[in-house]
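Summary of structural features
So you can see what is in the structure, the chains are spelled out below.
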Amino acid sequence: MHNFNKEKYDRAKKRVDELKGFYIHLTIYVVINTFILINIYLNSDIFWKWEHFITLVAWGIGLFFHASKTFGFNPLLGKDWEERQIQKYMDEDKEEMEKYK
């Protein structure tokens with residue numbers, strides 16, 4: 001029983017560490033990009049140039065993938081897709097086995 005509780009604790013600790021890592025990443029993203037954009041705004045004649053937002057967008061994509069991993073969100077290959085693929089391969093195996101009966 002003690003081993004079971006230890007495993008539950010370890011899984012919960014790992015999950016909390018993942019969440020903590022994501023929120024630290026998010027905070028750093030907001031702080032650094034705010035600093036960059038304020039600096040560009042104060043020192044540039046034209047603020048709305050796409051070059052000024054490259055860091056924001058590129059890092060934002062990385063942050064999106066970090067969030068999708070942390071929160072189990074996968075719009076392209078979600079649980080439904082996974083279940084459909086498993087069922088597809090199981091059906092293919094079943095059809096293959098039926099050939100040799």
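Residues numbered from 1 in each chain as written. Predicted model: local features only at pLDDT ≥ 70, side-chain atom pairs only at ≥ 80, totals over all residues. Heavy atoms only, no water.

1. Here's the deal with the overall build of the chain
Where we set the bar: Where helices and strands are cited, they refer to DSSP runs of H or I of at least four residues and of E of at least two residues respectively, numbered from the N terminus. Throughout, the radius of gyration refers to the C-alpha atoms, and the reference size of a globule is 2.2 Å times the residue count to the power 0.38. Residue burial is assigned from relative accessible area. The probe radius is 1.4 Å, only protein chains are included, and a residue is buried under 20% of its type maximum, exposed over 50%, and partly exposed in between. Any two residues whose heavy atoms approach within 4.5 Å at even a single point are treated as in contact. His is not counted, nor are the chain ends; Lys and Arg add positive charge and Asp and Glu add negative charge. To locate a charge, take atom NZ for lysine, CZ for arginine, CG for aspartate or CD for glutamate.
In terms of regular secondary structure, the chain is built from 3 helices and 0 strands. Starting at the N terminus, the α and β elements of the chain follow one another as α-α-α. Relative to its length of 101 residues, the chain is extended, with a C-alpha radius of gyration of 23 Å against a globular reference of 13 Å. The principal-axis extent of the C-alpha atoms belonging to the chain is close to 75 × 45 × 15 Å. Across the 101 residues of the chain, 14% fall into the buried class. Partitioning the contacts of the chain with sequence separation of at least 6, the portion at a separation of at least 24 is 62%. One finds the centroid of the 15 positive side-chain charges in the chain at a distance of 7 Å from the centroid of its 15 negative side-chain charges.

2. Some points on helix 1 (residues 2–43)
Rules: Working rule for helices: expected span equals 1.5 Å times residues minus one.
Its 42 residues give helix 1 an end-to-end C-alpha distance of 61 Å, which sits within 8% of 62 Å, the value for a rise of 1.5 Å per residue. By the burial criterion, the buried members of helix 1 are Phe 22, His 25, Tyr 29, Asn 33, Leu 37 and Ile 40. Contacts made by the buried residues of helix 1 are with helix 2 (54–71).

3. Considering the packing of aromatic side chains
The following threshold applies: When two rings of Phe, Tyr or Trp (its six-membered ring) have centres within 6.5 Å they constitute a pair, described as stacked for plane angles under 30 degrees, edge-to-face for angles over 60, and tilted for the intermediate range.
Scanning the entire structure with this criterion turns up 9 aromatic pairs. Aromatic pair Phe 22 and Phe 71: ring centres 5.3 Å apart, planes at 85°, arrangement edge-to-face. In this pair, Phe 22 is assigned in helix 1 and Phe 71 in helix 2, connecting sequence segments 49 residues apart. For Phe 22, a relative accessible area of 6% gives the class buried.

4. A closer look at helix 2
For an α-helix, the turn length of 3.6 residues means that residues three or four places apart are oriented alike. The criterion, for reference: In this description, the arc belongs to the directions extending from the helix axis to the C-beta atoms.
Along its 18 residues, helix 2 runs 25 Å from first to last C-alpha, staying within 8% of the 26 Å computed at 1.5 Å per residue. For helix 2, the set of buried residues is Leu 63, Ala 67, Ser 68 and Thr 70. Looking down the long axis of helix 2, one finds its buried residues gathered within 155° of arc, a one-sided arrangement. Counted as exposed and oriented over 90 degrees from the buried face of helix 2: Phe 65 and Lys 69. Contacts made by the buried residues of helix 2 are with helix 1. Of the residues one or two after helix 2, Gly 72 is the one with positive phi, at around 70°.

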